[in-house]
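Chain by chain, the residues:
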Amino acid sequence: MRAGRRYAAGVGGNPGSVGLALAAAVVALSPAAAVAASPPTIKVVSGRADLVSGGDALVRILLPADAREGKVEVRVGRRDVSKRFDRSGAELDGLVKGMRTGRNVITARVRGGEGARLVLTNHPNGGPVFSGPQPQPWKCQAGAVNKKCDQPPRFSYRYQSTNPLNGSLRRYDPKSPPADVAMTTTDGGQRLPFIVRVETGYQDRDEYKIAALFQPGTPWTALRPQPQFNHKLLITHGASCNVDYETGSAPSVTSFSPLGIGGSAGPLADSAVHALGKGYSVMSTALDNSGHNCNVATQAESLVMAKEHLIESYGDLRYTIGTGCSGGSLAQQWIANAYPGIYQGILPTCSFPDTWSSATQVMDYHLLRAYFENPAKWGAGVLWSPTQFGVVEGNLLPVNAIVSDIGFFNAIVPTHQCGGISDQERYHPGSNPGGVRCSIADAAINVFGPREPKVWNASEKKLGRGFAGVPVDNVGVQYGLGALQAGQITPAQFVDLNARIGGLDIDINPQQKRISADQPALENAYRSGSINETNNLGDTAIIDCRGPDPGAAHDSYRAFAIRSRLDRENGTHANQAIWEGPVPIIGDAACADQSFVAMDRWLAAIANDKGGASLAHKVIADKPADIGDRCYLGVGNKLTDGLCSSAIVPVYGTARTVAGDGIATDANKCRLTPLKRGAYAQPFTDGQWTQLQGVFGDGVCDFTRKAVDQGPTLPWLTYQDTKGHVIYGGRRLGSPPRSKGL
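Notes on the structure follow. (Residues numbered from 1 in each chain as written. Predicted model: local features only at pLDDT ≥ 70, side-chain atom pairs only at ≥ 80, totals over all residues. Heavy atoms only, no water.)

Observations concerning the sheet that holds strand S22 (residues 541-546)
Turning to step 1, where the next piece is worked out: Pairing in this open sheet of 12 strands is mixed, and the strands run S11-S10-S14-S15-S17-S16-S18-S19-S22-S23-S24-S25 from one edge to the other. Each edge of the sheet is formed by a strand with only one pairing partner; in this case those strands are strand S11 (170-171) and strand S25 (638-641).
Turning to step 2, where the next piece is worked out: Here strand S18 (residues 319-325) pairs with strand S19 (residues 345-349) via 5 bridges, running parallel. Along S19, the bridge assignment pairs glycine 322 with isoleucine 346.
Turning to step 3, where the next piece is worked out: The strands that helix H14 (residues 557-570) touches are S22 and strand S23 (576-580); relative to S23, the one it contacts most, it runs at about 160°. (Pairing = 2+ DSSP bridges. Helix = DSSP H or I, 4+ residues; strand = E, 2+ residues; numbered from the N terminus. Contact = heavy atoms within 4.5 Å. Axes fitted to C-alpha atoms, helices over the stretch in contact; angles between N-to-C directions.)

This is how it looks when you write it as structure tokens:
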């Protein structure tokens, strides 16, 4: 009927009597033409059509108004899959299975009418989908059936007890049900026993978990989910930032409360338990645990794959919320910006904007500690006090720098121990230059790219290839500048520190010269979202729980670093609320759960907004009036609207902000400006000035200018071509494939 469709279009342009007569003749000769004059539309409900994995896809076919009575034939290639589709009015939904790896064409044709086609690209269950060639070697879990770590899922059960002294969710045996099962009422009004099924499976060579309220003995499919499912998803995340080369454990899906503070009910409720009781599904993947995998592309890929599986098994989703502290907060914030749409709302606690702007801070602390804590490195006549260490580092005392260095620095060291790699397999510049480099940069080499030959060290030259570049830099940084200008340190201290601090080589060994960010790693860090520029974050609702940091390396300024970046990139931070309180790091013991409840209301309002405004506009316009910045007392009670006073939550800086950087702290390599003697409040002797000229011969940082290679995060990058070959630095996936008429 393609000819009939083209003719009808022609009639629209020439409504003369001849055209009308010819149209009437066509209809008279072919009554079936009246059935369908336009094609159906094919959509993949479970994700993007070009990012399908595991051979399955939940597909929806939307019929045009003039074809809602006709029979529809659906095929994958030559295979008829029509029987897999259920019809409801103008929609047909079906779970298509058994697709081959690579290109698959789905066609839908209304009998006697028009047809449509959609090209799907299926990827292996073991991945990759868009993160590029996977790190090798990789140690699979016991029970894996192949080298991709595939394994059939297993199921277990938990329940909420009626006895509050029994704690949170307990083990449940469907064959011998306990007598103390509590009841719950979902947000859809379904009242049922509080029994949760936990699915544990493997995708992308690693573990995932999915939990949901479940009625044992009752079937559940994506097309006919159990009625308590509210079609909402909460994703939990892990902490820290590191790398393993083996299968890990997905974060808990039956409990989430930062730092273990909270309970099963009341003002200190566990947000995962709360979500399950309201009908949410709760999901996690081992690869979204930053302490196991700190690569934005792989984290996002694992969530795309797990969400696809969840939708294909449990039903479609209205919206998704992320929650997590520390490394869990950075995962949410950089994934939401680099791969917008994975979450609709995020709940970062003790937050980090990303790994690689924070890595600059940690590197500074490592170098400063090496200088401050070894008086043998101080020049003649130069003395330092611990208080002065702190003011140079941006804090009251040096404890924050010590904790940060001890807690985080090792992740960038290629010779440190990492999971799955033996001592014999691990890199050593002398004995094993071709070994596995246990560094978060090398694990993300697809993102950063290998170093350019002109900077290769002896190991790289021997191997004939570059290691992954590192996008951190301290060229031109005037450590202690603000303290000098304020008279807190002397010119002699300032000169000695900057002359002796040095840098790090690619093996993260100390060196005399400053460290210069590698190329193309620096540019790729920005474009990949590994440095989170927030330019795509306006579509995401954010509530950040934040408390004072007494020196535990989770600085309170970081929530405001995101706010500063949002203002710069989007002209507003109205999509972000900061909830503060006196509890160290997390702000308030109930914040994680109360922010979840508030976020659910916020996203429900956005989902119910059927207007034509942009999503970014809706996120702000539909925010409930009572959701803004807040100050809490610490145990679930709001003290005031607005931020807490600095007496409750002081905001300190970093070594870079003391050196002149702004609170956004995402200038990993600054632009340089000539050294000027008149720019300093404190006078230098001629000898000191000569020494400074030697240190800063190329200039000093000008943080008022855009940083070197600083640019927007490009959303939805893929690091592999159609044949699976690596694309270092990535390229845009572009718009998802759309169905076309036959």
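We are not done yet, so read on.
Some points on the packing of aromatic side chains
Turning to step 1, where the next piece is worked out: A full pass over the atoms with the stated rule returns 23 aromatic pairs.
Turning to step 2, where the next piece is worked out: Ring centres of phenylalanine 130 and tryptophan 716 lie 6.1 Å apart, and the angle between their planes is 70°; on these two criteria the pair is classed as edge-to-face. One end of the pair, phenylalanine 130, is in the loop between strand S9 (115-123) and strand S10 (154-159); the other, tryptophan 716, is in the loop between strand S27 (700-701) and strand S28 (717-720), and 586 residues separate them in sequence. The residues phenylalanine 130 and tryptophan 716 share a single accessibility class, namely buried.
Turning to step 3, where the next piece is worked out: Grouped by ring-pair contacts, the aromatic residues Tyr157, Tyr159, Tyr172, Phe214, Trp220, Phe229 and Tyr314 constitute a single cluster.
Turning to step 4, where the next piece is worked out: The ring of tryptophan 716 is capped by arginine 48, whose NZ or CZ atom sits 5.7 Å from the centre of that ring. (Phe/Tyr/Trp six-rings, centres within 6.5 Å; stacked < 30°, edge-to-face > 60°. Buried < 20%, exposed > 50% of the residue type's maximum accessible area, 1.4 Å probe, protein only. Lys NZ or Arg CZ within 6 Å of the ring centre and 35° of its normal.)

Brief notes about the pattern of salt bridges
Turning to step 1, where the next piece is worked out: The final tally for this structure, using the stated rule, is 30 salt bridges.
Turning to step 2, where the next piece is worked out: For arginine 656, the salt bridge goes to aspartate 364, with nearest N and O atoms at 2.7 Å. Here arginine 656 is found in helix H17 (residues 655-658), whereas its partner aspartate 364 is found in helix H6 (residues 356-372), with 292 residues between them in sequence. Side by side, arginine 656 and aspartate 364 carry an identical accessibility label, which is buried.
Turning to step 3, where the next piece is worked out: Between glutamate 460 and arginine 451 there is a salt bridge; the shortest N-O distance is 2.6 Å. (Salt bridge = Lys/Arg side-chain N within 4 Å of Asp/Glu carboxyl O.)

As for the side chain of serine 459
Turning to step 1, where the next piece is worked out: Residue placement: serine 459 occurs in helix H10 (residues 458-463).
Turning to step 2, where the next piece is worked out: Judged by relative accessible area, which is 6%, serine 459 ranks as buried.
Turning to step 3, where the next piece is worked out: Leaving out residues up to four positions away in the same chain, serine 459 has contacts with Tyr427, Pro429, Pro433 and Phe467.

Quick look at the environment of glutamine 134
Turning to step 1, where the next piece is worked out: If you trace the backbone, glutamine 134 turns up in the loop between S9 and S10.
Turning to step 2, where the next piece is worked out: Counting along the chain gives 310 residues from glutamine 134 to alanine 444, while the straight-line C-alpha distance between them is 9.6 Å.
Turning to step 3, where the next piece is worked out: If we skip the residues at most four places from it in the chain, glutamine 134 touches Gly126, Gly127, Pro128, Lys148, Asp204 and Arg205.
Turning to step 4, where the next piece is worked out: Here the side chain of glutamine 134 touches aspartate 204 through a polar contact of 3.2 Å, side chain to side chain. (Polar contact = N/O pair within 3.5 Å; in protein donor to acceptor, adjacent residues only side chain to side chain.)

A few points about the sheet that holds strand S7 (residues 91-96)
Turning to step 1, where the next piece is worked out: Strand order across the open sheet formed by 4 strands is S1-S3-S7-S6, with antiparallel pairing between neighbours. Each edge of the open sheet is held by one strand with a lone partner, namely strand S1 (41-44) and strand S6 (85-88). Within the sheet, the average angular offset between the axes of one strand and its neighbour, ignoring direction, is 20°.

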